[in-house]
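Structural overview for review
As a plain string of letters, each chain reads:
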Amino acid sequence: MTELTERLVQFEGRLRSMENELYELRRLSRVTQPATSQVAVFAQPPRADLEIVSAQEQVAFEPPPPLPPPVARKPVEREPHDFLDASRRSRARLKRRRGR
């Protein structure tokens, strides 16, 4: 085995063990926690560390500056392509391959 293959096998082993551990932790959390309804979770009083800010106190959002205009590139000068010439060359190549 190459060094890279060995490292990959080791990584896969670690990944599988972490997946197994995560599965066990999730299973334990389901077993130990009693089932709570969503209504009970949302019925909790608001947290004291959160402040309610009025619309006047909110900081005005400044949009980012506009992007600069795109730079115009000079088109590349190329010779026009002769499609008929390419077709003739490919036909000639095909004839040579077939032995005609």
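Residues numbered from 1 in each chain as written. Predicted model: local features only at pLDDT ≥ 70, side-chain atom pairs only at ≥ 80, totals over all residues. Heavy atoms only, no water.

Some details on the overall build of the protein
Looking only at helices and strands, one finds 3 helices and 0 strands in the protein. Going residue by residue from the N terminus, the α and β elements of the protein occur as α-α-α. Expressed as a percentage of the 100 residues in the protein, the buried residues total 0%. Just so you have it, the protein exposes about 11200 Å², and 58% of that area is on carbon and sulfur atoms. (Helix = DSSP H or I, 4+ residues; strand = E, 2+ residues; numbered from the N terminus. Buried < 20%, exposed > 50% of the residue type's maximum accessible area, 1.4 Å probe, protein only. Areas by Shrake-Rupley, 256 points an atom, 1.4 Å probe, with all protein chains shown as cover.)

Some points on the pattern of salt bridges
Here the idea is simple: oppositely charged side chains can pair when their charged atoms come close. Scanning all chains against the criterion turns up 1 salt bridge. Linking E24 and R27 is a salt bridge whose minimum nitrogen-to-oxygen distance equals 2.8 Å. Within this pair, E24 and its partner R27 are both found in helix α1 (residues 3-32), separated by 3 residues, close to a single helical turn. Relative accessible area serves as the criterion here: at 34%, E24 is assigned to the partly exposed category. Judged by relative accessible area, R27 falls into the partly exposed class, the value being 35%. (Salt bridge = Lys/Arg side-chain N within 4 Å of Asp/Glu carboxyl O.)

Regarding the confidence of the model for the protein
Per-residue confidence for the protein averages 77 on the pLDDT scale, and 70% of its residues sit at or above 70. Of all helices and strands in the protein, the one with the weakest mean pLDDT is helix α2 (residues 38-42) (52), whereas α1 scores best (89). (pLDDT = per-residue confidence, 0-100.)

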